[in-house]
Structures are given as C-alpha cells and as structure tokens.
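Chain residues, written in single-letter form:
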Amino acid sequence: MADLRPLTALGADTARSARFGALTLTERPDIALASLALRAGAAEPAPFGLTLPGPGGLSGSQDHAAFWTGAGQWMVLAEGRAETDFAAELRAVAPGCSVTEQTDGWAGVDITAPGADPLERLTERLVNLPPEALAPGRATRTVLHHMPVLALRHSDTRLTLFAMRSAAASLWHALETSAQRQAVS
Amino acid sequence: MTRIPGGLIDRSQTLTFSFNGKRYTGHPGDTLASALLANGVHLMGRSFKYHRPRGPVSAGSEDPNALVTLRSGARAEPNTRATVAELYDGLTARSQNHVGPLGFDAMAVNDLLSPVFAAGFYYKTFMWPRAFWEKLYEPMIRRAAGLGALSGEADPDSYDRGYLHCDLLVIGAGAAGLSAALTAARAGAQVVLADEDFRLGGRLLAESDPLDGGPASDWVAEVEAELRALPNVRILTRTTVFGTYDHGIFGAVERVADHLPVPGTSVRQTLWRITAKRSVLAAGATERHIPFASNDRPGIMMAGALRAYANRWATLPVAGPQDRIAVFTNNDDGHRTALDLLAKGANLLGVIDPRADAPRFGDYQLFAGAQVTGTHGRLGLSSIEITRDGRADWLECHALGVSGGWNPNVHLASHHRGRPVWNEELQAFVPGEGGPQGLIPAGACAGRGSTSAALGDGARAAQAALSELGISAALPRLPEAEDRPLRQTAFWHVPGKARAWVDFQNDVTVKDIALAHKENMRPVEHLKRWTTLGMATDQGKTANVTALAVMAELTGKAIPETGTTIFRPPYTGVSLSVLGGGDTGKDFRPTRLTPTHHWAEAQGAAFVEVGPWLRAQYFPRPGETHWRESVDREAKAVRSAVGLCDVTTLGKIDVQGRDAGEFLNRVYSNMMGTLKVGRVRYGLMLREDGHLYDDGTCARMAEDHYVVTTTTGNAGLVYRNMEFARQCLWPELDVQIISTTDAWAQIAVAGPRSRELLSRIVDGFDLSNEAFPFMACASLSVCGGLRARLFRISFSGELAYEVAVPARYGHALMQRLMAQGADLGVTPYGTEALGVLRIEKGHAAGAELNGQTTAAMIGLGMMVSGKKDSIGAVMSRREGLAEDSRRLVGLQPVDPEAKVVPGSHLFADGTAQDMAHDQGWITSACFSPHVGSSIGLGFLEDGAARMGEVILAANPLEGSCAALRVVPPHFVDPEGERLRG
C-alpha cells in the first residue's frame, strides 16, 4: 500500500464526529462508492448479491448498498472499503456495465438519532423533500444549502448524506448549525 | 388606566415595558398596542406625510398607524405594528417620524402645508432647476416624509429555513380554520395549521358570542388540545403565510423568538416553504372604515377593533370609565360593538348609523340617518360632530368605533393571478374562480363570516379538499354559534370639504382621490401611483376598497369596472434576513476547497474565489512585499526548474461505452474517435450557434473509456450539455457519463525538471520521451502502490505533466512532491502565475473564450473538423461569422515601461477612437518575467496579417492610451520544443 497518509474530506487524519442533543453527526471516510451504469443490451447485474433498486430506492446487505441515480444507473457503496480499489472490484462483478470510481468524489456524513423524530425534524430544515421520499429504504438526489447531495435513509435512526467532497466543510457547517438549533429548540 | 374586567390576559403576571423612554406595565397576552391603551396611551405615532398624531385603528396586522421601532441598537426594528407586537418583559419601543417629542412634532408644520403636498405633489413641484432634484429636493422630501429608520448595524440574530409537505395547509386558525383543521386531522391527513397570531382562535377571541353556550375560547382550547395530540398535525402559531406560489407552494414566516427579549440560543425567525397538496384559506376579513372629516385622530378606530380590545384585551381606548365612546356604523355588525361596550360597562354615547331605518339592538341611543361630520382633539379625540337632517351637533366623545363593513381577506387567493370578484350583495370583493390551484377559501375570507357559517364552511372546505386527494373525511359536530347575516350597504364616505382620510398610512384623503380623478389618473394602477394609496407597510388593507369605491363614484362606473390593483406577496412585511435563509458572510453560499487547500493555507497562500472554489492565488515568501514579486518568482521557477499547481478544479468527466468515441466526435468540434488509447488530445466545444464555449483535454484511457477535462468555470455546464446530448439528442448511442471532478486530486508538475521530479514518485513507470511522449496518458501507481493517472499535457508551454490520485491523497502527494523536489528547485505556484505562463505561451482561457469568439479567432479554425458533424460546426461556417477577421495576437508595448491594460480597445493610429473605428480588444495581460515587460493577448482585425504593426490600445475609462506592437501570441517557445522535450 502507498506510503502516503490520506486526509478526510474535512481535512483531518480521523473522521470527525459530534453530538448535538439527540443527533450525532459522523464523517464517513470509510465508505467506498462506485457508479454503475448499464450499457446497451447489458443484463442487470446483482453485484455482491444486491438487488438494484428502482427510482428512489435503496437496497442493502451487511456491507454493501445500492441506490438508484438515474435510468439504468446506480451508486454502489461498501462500508470500510474506501482504501481499496472498489471500482475494480465492482467492475469484476458487473460485466457489461460502465463502472466509475466515486469514493473520493463525495464526502459522507452519517446522521444518527435514537428515533425517527429528531432525524425528521432535522431533515425538514435541510432538504425540500416530502417525508416519504426519505422514509427508511429510500434514497434520492436533492439540494441542501445550494449543494447537490445524495441522501440515503438506511433506517429510522440513520441517514447518510453525501455532498461533493470539495464542499465537505460547507456541508458540515450546514448540518452542525441545524443540528445545534434542533438540540436547543 | 382603563383596564376592565375579563379578557384573555394573564393578570397573575406583570410585564414591564417602555415606550419613548417611559415605563409601563402590562400582562402576558397583551400586544404592545393593547398594553399602551390600557395605560392610557393613545398617541403612538405620526403619519407619513402630514405628521398627524395617530393611534391604532385596528387590533391586527392590517394596522396602518401604530408603527413603532421595537428594541434598540442592532436589534432595532422599524415599522413594527404595535397591534401585533406581543408584549414581553423588558420590551422597549419608540415612536417614529417626528422631530422633537411625539406630542409636539416640529414636522407637523407639514399639516399646515397640506395644499402643497396633495396627490402627485412631487411629480409637480421641485421640478426646477432640474439638477436640484437628485441632490437637494429628493433627499429633503425623504427626510421630511417617511416611517422608521434602520439601525445601520448588522443583524445580530440567526434565521432558519425549512420545508414542510402536507395534504392540507390551513391558513388561519379562526372559526373556519379550526373546523377545517379538525375535519382534516380526524381523517388522518397530514395537516399544517398556520396563524399569524400567538394564540389560536382568530376572531373568536375578540367576540363575546358563546359557542355551545360557553366562552368561545373554551372551544378553541378543546380543539387545540385535540390537534396538538395528533401526530399528523403541525400547528404553527406566530406564523404568517405571506405568499402563494406555483404548484401549491406557500411562503410562511414563523416568528420563533420575536416575543422574547433576545432570541438567546434560538433562531429569531424561520422561513417555511410549505408544499401543500390542497389548502384552505381561512384568512378572515378586515374591517373597513368610513372616511369623514378629520377621521384620523387617536381614539378613532374600527368598531371591531374597539370590541376586540374590550373583549380580548380588557381595555378601552379612553382615559377613564367616565369618558364617552360612540360607534359610527353603516351596518349591523357595528352595533355589536355597542352591545359589547355596554356589557363591559363603558359610557356609551350611542350609535350613529346613516341608515334611516337603522335597527337598534339594545338599550343605547341610536342616531339613525345621521353621520359623523367632524372631530376635535389635538392629540386624541375629544368631540365629534353628528349631523342629522342638516343639523349639526358637537358632542363630547373620547373614542369612536367606525364600521363601514368587512372586506374578505382575498389576498392569498389573489396572489397567483387570481382576481377577486365583486359581490353586490355583500358590497365587497370575494375570491374569484381561477385562483391558485387547490386553494379553497372558507369562512369570512369567502364572504361567509358569521361564526356559524365560518365553522361549517371550514369543515366543508377541508372535506372537499381531501376528497380530491381520495381521503374521506367526516364533518365534525360543530358548536352552536351566532349566525347573524352580514348586511352591508353602499355608504363609502361622508361627503364634505374637509380632509377625510382614506389611507391613513400614506395620508391619502378623499380630496386626493378627487384630484387624481380631475387630473385623469383614473385607472386604479394610476390612482395608486399618483396618490401613493395602498403603498408601504400595510399595503392599503384598510384603504384600497374604499378608495376604489370613491373613484367609482367619481367616474360614475361600477366598482368591479374600476377594478383592483394586482395582489402580490408578501401579505405582511417580511424581513430580508429571514428571506436570506439565515446564511451570511462566508457561509452565504457553499465553498469548494481543493484537496491541497489545507496545505496551501499552511504555506501562507493568498486565495482567490473562482466560482465556488477557493484556489491558491500565489504563495508569498518572507521578504516579498508585493504580490508581483511572488508571481514573478513562481513563473520563473516553472520556466527554469519545476513548479506545482493544484488543478483539481478543472472539470473531469468520465465517458464510457461502446459509442464513447462517436459521442465525443459530436460533442467536440475536432475528432476524438480516432484518438489512440493512451493519448490525450486538446479539444474545442462549440455552442449551437457556432461560438466557442469551452476547451480542454480529452484522454483515451481505454478503447471504451475517455476522461474529458473542462475549464473550472464550465465544469457543470459541459456536463449538463453532455447529459442532454446523451439523453435527448442521441439516445441511440451507447455512452455513460459521470462527473469525477472531486474524486481525483490533480496536480500540475511543470517545468524542465518535472520529469526528474516525477520519476522519484512513480512506481517503476518509464517516463522517457519515447515511452511517454507529449500528450500521452496512463493509469499507473505512485508512492508505493497508490493508483494514479498521469497526463503529459502542458498549459505553461514547458515540459509538464498532470498527476491525479484519489482526492484524499492530494494533500500528501503535494507534500511528497515538495519534499522530493527540494533539490530541484520545486516551487508551488498559484492561479496568478498560471495565468502569466499561459499568456506567455498564447494559450486561450476564459478571457478569450468569452462566448463571443470563434475557433478561427483564436487561430484554431482548423479544429472545427469538416469531416464530421458536431454541435455548432455548421453554424460556425455561417455567413457573418465565418468572415470575422479578428484573430488572437500578442501585444507588446513599444515603450517597455508602458502597461498593457486588459479591456482596452484597439485602434489604428490616427483614427477616431469610437465604435466605428474599433479594431478589437485586449483580452488578457500581465507582466511577463520571461519577456521583461508587460504583455497581452487580444483580438485584432486581420490580426494574423499585421505582425509588427504598431497600434493604439485606448482605455477611455481611465484615460490612458498606449502604443503596442502586434506580435505572434506565443511569447515563449513558439515552436513548442520545450513541451515536447
């Protein structure tokens, strides 16, 4: 492995985490991402046993997840695999597909809470989406504070947001400000 | 003190506040206006133009008069309506628009000069001399007339925004709104209920009529408790829905902390964007007054406001219980005020009703067929003149309630180009058909304002709205309530010669409307501008319909023929702070940081904004006192040794698929399908109209895989255009694209020693010219196994590469290259040096690709291939564009000390310097350390044929003109030997 030391999107050696009342924000530099797009005539693959979901859908297994990003397009995630060439791994199990490395294209932040309510109170301040678009098992592309983001609702208690990696500081600022306000209100 | 028993105030707590420096007390539940009235303070401000003494005329958000500056210092908020400012302990308020004390305003002299200040006065007077208008007259008028002033300090509070989605938005929580919300809530629909007041109930709180035999506030409390317990209901109090927008979207402001001394850790206000599948407008109605002579004195208010103050706020606008109060009304509703005042033990003078057959509802004196024709009282009402059958009597009177009927609040139903319609029976405008989609007006705002009618109407509106969504809702049992018919007659003003105010806030009288009529400013839009009627903070809520009626009377037209002005958001004033969404300063918009940002910061780099990106502009070193010293040093280092520059910001688009080559052939003007694997080609992209819009490199990583780079500024645009082409123009092509701009940190390694430096970090990769020539590209690994991409491309004109690694390693790679290149003279360089290097090399950049230039103009006409079609190719050959003879040239001052100024226009010596003789312009310029003088690039007519010629560069804005020699645009290595070496 390379003898270079990586930095997280927020510019540190380790992932940032902070708690605001019921809400916890955690930077997720460990999540590997790769895009997967069907080529003409290709059969829909089932990489890592995942069923590729339809529009707005998020499917997941223990370590992997996939969500729909466009017609015949998905983003595939693998937790804890960011330091590997995940795109190559995906390419190997998705024959006839175009695969592009996306891991460092995005800065991921997990937002967790003991229950759904604090999460939903936070997201109504952040994204203009009806609650059903961010119900557990849903994922979508939207805009947050003028930034394009990917929003993945894994469960009642966990939401992951990905923003452009270069905008990580702005994303964190927006989330932190909102979470702080929720904590005191 | 004129507190009376009852009311919805909490007498167990006392709040202290100050007005104009004097301390008073009130109770929770009070507004500033009710508390001041309870303290015997009726004079709260001065009018806009004539500086007339004024007090509140209403008890709601429509009030035109009781405007105060709330709070002090940076939190001072001018033009706050005392009628809706919720009282809190420690509140401070000041009156506005007066010179000297409020009771003795020196500017009241304007009132004596009122003939001068009639309608349209500033269009007619102060016209000479013309130059005086802007510098003298206008500032003078603005100082003399006006409302509150801003503090001039930055807003210290924070603001938030949010998004709500619901099945049903209910606007207003009075009788209609509460029954609508209850109906929808019980049906399980997602409901948002918003009201501008700090407690639910609307007009129910102001009336004495029972619901089911008990106080209305009990029923309100029951409903509120039920709604609050339901998870599908969101109640927003202190929230004004201020605008109706497309597709069921509403703007609303929640005043989260306006009722607190300081917001503390809370935000002050929240801007809500509410997307509602359906909505019920239950905005109620606004009472209208009747203009009569001197009808603007403190103590004269709407009859409905008078009873609201008595019933809800337990106060009367008089100094003591002995003071007489009268009611002047043309409708039965005004008589309710008389009855309520009697019940509260007020000293009622009687009811003046112009109707000859006016009914009497209780034990009070009735002046039927009479009118109020005058008033006295310096700072507050002391007597009124009642005229009946030609006989006028002056009677002592300290407060007068006036009712000319009620105007439904049609505003939100009229925002989205909905037009209100005239209801002859009601003598009022009601919401018309074709209003905002999915919005159902209910209750008083639809002209059905008795409590019973409003309750039923709200419930039915909710039921109808939900049935359209496929939700079945049962009508709830609603309480027994009063059901008096609303009978309104056409009695719009009391005729007379004295001034009778129509619009209190803007000092517009019946005479002003008559003057506008006389001067042919008759259409409503003209009337508004000529008289300023309906402008400013209240937007004429208490004035507009009356003014229309007066104008209709003058023109002999019907009121609906006279029409209304267009209704626009906001319904009531919205602060710019909350509209801004809360983000200010550096957080106003997102910032993008490069992977080496923190490293550059640690080096003390100066940064420059490039769109949302922050890029290192230059890296000053100790002893350098001017940015040019740093930039010159950096540029020289690249030419003589090796420099490093973070170029991550350039757009990167991954293009894959069987038809990727064909796709790129159509997107680029030049051929990309023929590019060999492992090679890079420079490409141009044209707009559909044939002009250039972007340039960059295209690398073929594999047979079916390209990496396209774009300029920093156009990364999004190029991607969008390519996505459009892929999805819409040529869906038959097998091509997949995705942005990878942020995924890879890309560092330019440029200069004669770049190969040597790179050879120290690549993992066994042959960098020799033979193995990896100019315009080669490869995937490889660096620094002991890190996957990377290497491109041999050059923007500087030197031997150069760009190396890309996963973005998280960008910082470490920069550190490594700096460490490894110390002995080679490695130097980081910023965007300034980057610019110098490319100008010296004659490379076009954003300044040259400004959307008005062509490939031919930058000397690359041959790159628009004739062998294939591509976007913009045909149009680039069109007549009028293809003949453009302007070409990119280099420009060098004849006097080496002279400066080349970008933006200057080029003229032949001896010709006039005007548009007709303009021969081109300078696009870019810099000091060239390589040449030793200022140099520039520009477009010049027949430029290619004019080498050696001396032309003039005129900069008329700064009054300079320099003689420049036309030279080839390549100041460095014109043969390109360095970059191929």
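Structure first, text after, so check above.
Computed from a prediction, not measured in an experiment: that's the story for all the values here. (Residues numbered from 1 in each chain as written. Chains lettered and ligands numbered in written order. Predicted model: local features only at pLDDT ≥ 70, side-chain atom pairs only at ≥ 80, totals over all residues. Heavy atoms only, no water.)

A look at the interface of chain B and chain A
Okay, step 1: Each side of the interface is counted separately: chain B has 52 residues, and chain A has 49 residues.
Okay, step 2: The largest contributions to the chain B side of the interface with chain A come from Tyr 163, Arg 787 and Arg 808 of chain B, which together make up 18% of the buried area.
Okay, step 3: Run the count over chain B and chain A and you get nine salt bridges.
Okay, step 4: For Arg 234 of chain B, the salt bridge goes to Glu 124 of chain A, with nearest N and O atoms at 2.6 Å.
Okay, step 5: Along the contact surface separating chain B from chain A lie 34 residue pairs in polar contact (both at pLDDT 80 or more).
Okay, step 6: Listed by contribution, the elements that provide at least two residues to the side of chain B that touches chain A are β8 (159-171), β13 (269-281), β29 (592-593), β33 (652-656), β37 (736-739), β40 (786-791) and α21 (810-820) of chain B.
Okay, step 7: Ranked by residue count, the leading element in the side of chain B that touches chain A is β8 of chain B, at seven residues. (Contact = heavy atoms within 4.5 Å. Buried area = accessible area lost by both parts, 1.4 Å probe. Salt bridge = Lys/Arg side-chain N within 4 Å of Asp/Glu carboxyl O. Polar contact = N/O pair within 3.5 Å; in protein donor to acceptor, adjacent residues only side chain to side chain. Helix = DSSP H or I, 4+ residues; strand = E, 2+ residues; numbered from the N terminus.)

Topic: the side chain of Ser 178 of chain A
Okay, step 1: Structurally, Ser 178 of chain A is set in helix α3 (residues 168-184).
Okay, step 2: Beyond its immediate chain neighbours, meaning those up to four positions away, Ser 178 of chain A contacts Leu 122, Arg 125 and Leu 126 of chain A.

Section: the sheet that holds strand β4 (residues 58-60) of chain A
Residues and elements named next belong to chain A.
Okay, step 1: Strand order in the open sheet formed by five strands is β4-β5-β6-β3-β7, with antiparallel pairing between adjacent strands. Both outer strands of the open sheet, β4 and β7 (97-101), are each paired with one neighbouring strand and no more. In this sheet, adjacent strand axes meet at a mean angle of 25 degrees when their direction is disregarded.
Okay, step 2: Here five bridges tie strand β3 (residues 32-38) to β7, and the two strands are oriented antiparallel to one another. (Pairing = 2+ DSSP bridges. Axes fitted to C-alpha atoms, helices over the stretch in contact; angles between N-to-C directions.)

Re the pattern of salt bridges
Residue and element names in this part refer to chain B.
Okay, step 1: Applying the stated criterion to the full structure yields 73 salt bridges over all chains.
Okay, step 2: Arg 52 serves as the salt-bridge partner of Asp 296, at 2.7 Å between the closest nitrogen and oxygen. With Asp 296 in the loop between β14 (285-287) and β15 (300-302) and Arg 52 in the loop between β3 (45-46) and β4 (53-54), this residue pair connects regions lying 244 residues apart in the sequence. A single burial state applies to Asp 296 and to Arg 52, both of which are buried.
Okay, step 3: The salt bridge partner of Arg 278 is Glu 468, with a shortest N-O separation of 2.5 Å. Separated by 190 residues along the polypeptide, Arg 278 in strand β13 and Glu 468 in helix α10 (residues 451-468) bring together distant segments of the chain.
Okay, step 4: Salt bridges linked by common partners bring Arg 203, Glu 207, Asp 209, Arg 307, Asp 333, Arg 336, Glu 482 and Arg 484 together as one network. (Buried < 20%, exposed > 50% of the residue type's maximum accessible area, 1.4 Å probe, protein only.)

So, a nonpolar patch on the surface
Okay, step 1: Taken together, the side chains of Val 109, Leu 112, Leu 113 and Val 116 of chain B define a hydrophobic patch exposed on the protein surface, amounting to about 360 Å² of accessible area.
Okay, step 2: Residue position: Val 109 of chain B is located in helix α2 (residues 109-112). (Patch = residues over 30% accessible without salt bridge, like charges linked within 9 Å, V, L, I, M, F, W, Y side chains within 5 Å. Areas by Shrake-Rupley, 256 points an atom, 1.4 Å probe, with all protein chains shown as cover.)

Structural notes on unusual backbone geometry
What you tend to see is this: most non-glycine residues have negative phi, and most peptide bonds are trans.
Residues and elements named next belong to chain B.
Okay, step 1: The linkage connecting Pro 569 with the following residue, Pro 570, adopts the cis geometry, with an omega of 0 degrees.
Okay, step 2: Residue position: Pro 570 is located in the loop between α14 (559-562) and α15 (576-579).
Okay, step 3: In the Ramachandran plot, Cys 783 falls in the positive-phi region, its phi being about 50 degrees despite a non-glycine side chain.
Okay, step 4: Residue position: Cys 783 is located in the loop between β39 (777-782) and β40.

A short note on the sheet that holds β15 of chain B
Residues and elements named next belong to chain B.
Okay, step 1: Across the sheet, which stays open at both edges, the five strands sit in the order β15-β22-β16-β17-β18 with parallel pairing between neighbours. Edge positions in the sheet fall to β15 and β18 (366-368), since each of these pairs with one other strand and no more. Pairs of neighbouring strands in the sheet enclose a mean axial angle of 20 degrees, with direction left out of account.
Okay, step 2: Pairing of strand β16 (residues 324-329) with strand β17 (residues 347-353), which is carried by five bridges, proceeds in the parallel orientation. Residue Arg 324 lies in a different strand from β17, and its bridge partner there is Asn 347.

Remarks on the packing of aromatic side chains
All names here are of chain B.
Okay, step 1: By the definition in use, this model includes 12 aromatic pairs over all chains.
Okay, step 2: Geometrically, the ring pair formed by Phe 292 and Phe 328 is edge-to-face, given 5.6 Å between the ring centres and 75 degrees between the ring planes. You can see Phe 292 sitting in the loop between β14 and β15 and its partner Phe 328 sitting in strand β16, a full 36 residues away along the chain. Assigned by exposure class, Phe 292 and Phe 328 land together as buried.
Okay, step 3: By the ring-pair criterion, three or more aromatic residues cluster together here, those being Trp 422, Phe 429 and Trp 492.
Okay, step 4: Its end group placed over the ring of Tyr 50, Arg 499 keeps NZ or CZ at 5.0 Å from the ring centre.
Okay, step 5: It is Arg 666 that lies over the ring of Trp 730; its NZ or CZ is 5.3 Å from the centre. (Phe/Tyr/Trp six-rings, centres within 6.5 Å; stacked < 30°, edge-to-face > 60°. Lys NZ or Arg CZ within 6 Å of the ring centre and 35° of its normal.)

Some points on the packing of helix α17 (residues 627-640) of chain B against helix α22 (residues 831-841) of chain B
All names here are of chain B.
Okay, step 1: One can describe the packing of α17 onto α22 by two numbers: an axis separation of 8 Å at closest approach and a directional angle of 55 degrees. In terms of orientation, α17 and α22 fall into the oblique class. Between α17 and α22 lies a crossing whose hand is right-handed. Counted together, Trp 627, Val 631, Glu 634, Ala 635, Val 638 and Arg 639 of α17 and Glu 832, Ala 833, Val 836, Leu 837, Glu 840 and Lys 841 of α22 form the full contact between these two elements.
Okay, step 2: Counted by class, the contact of α17 with α22 contains seven nonpolar, no polar and five charged residues. (Parallel < 35°, antiparallel > 145°, perpendicular 65-115°, else oblique. Left-handed = near helix turned anticlockwise from the far one by under 90°. Nonpolar A, V, L, I, M, F, W, Y, C, P; charged D, E, K, R; others polar.)

Observations concerning the packing of helix α7 (residues 303-311) of chain B against helix α8 (residues 332-343) of chain B
Residues and elements named next belong to chain B.
Okay, step 1: It is at 9 Å that the axes of α7 and α8 come closest, and there the two elements cross at 30 degrees. Relative to α8, the element α7 is oriented roughly parallel. Our pair here, α7 against α8, has a crossing hand that is left-handed. Seen from α7, the contacting residues are Ala 303, Gly 304, Leu 306, Arg 307, Ala 310 and Asn 311; seen from α8, they are Asp 333, Gly 334, Arg 336, Thr 337, Asp 340 and Leu 341.

Just geometry here; none of it tells us what the structure is for.
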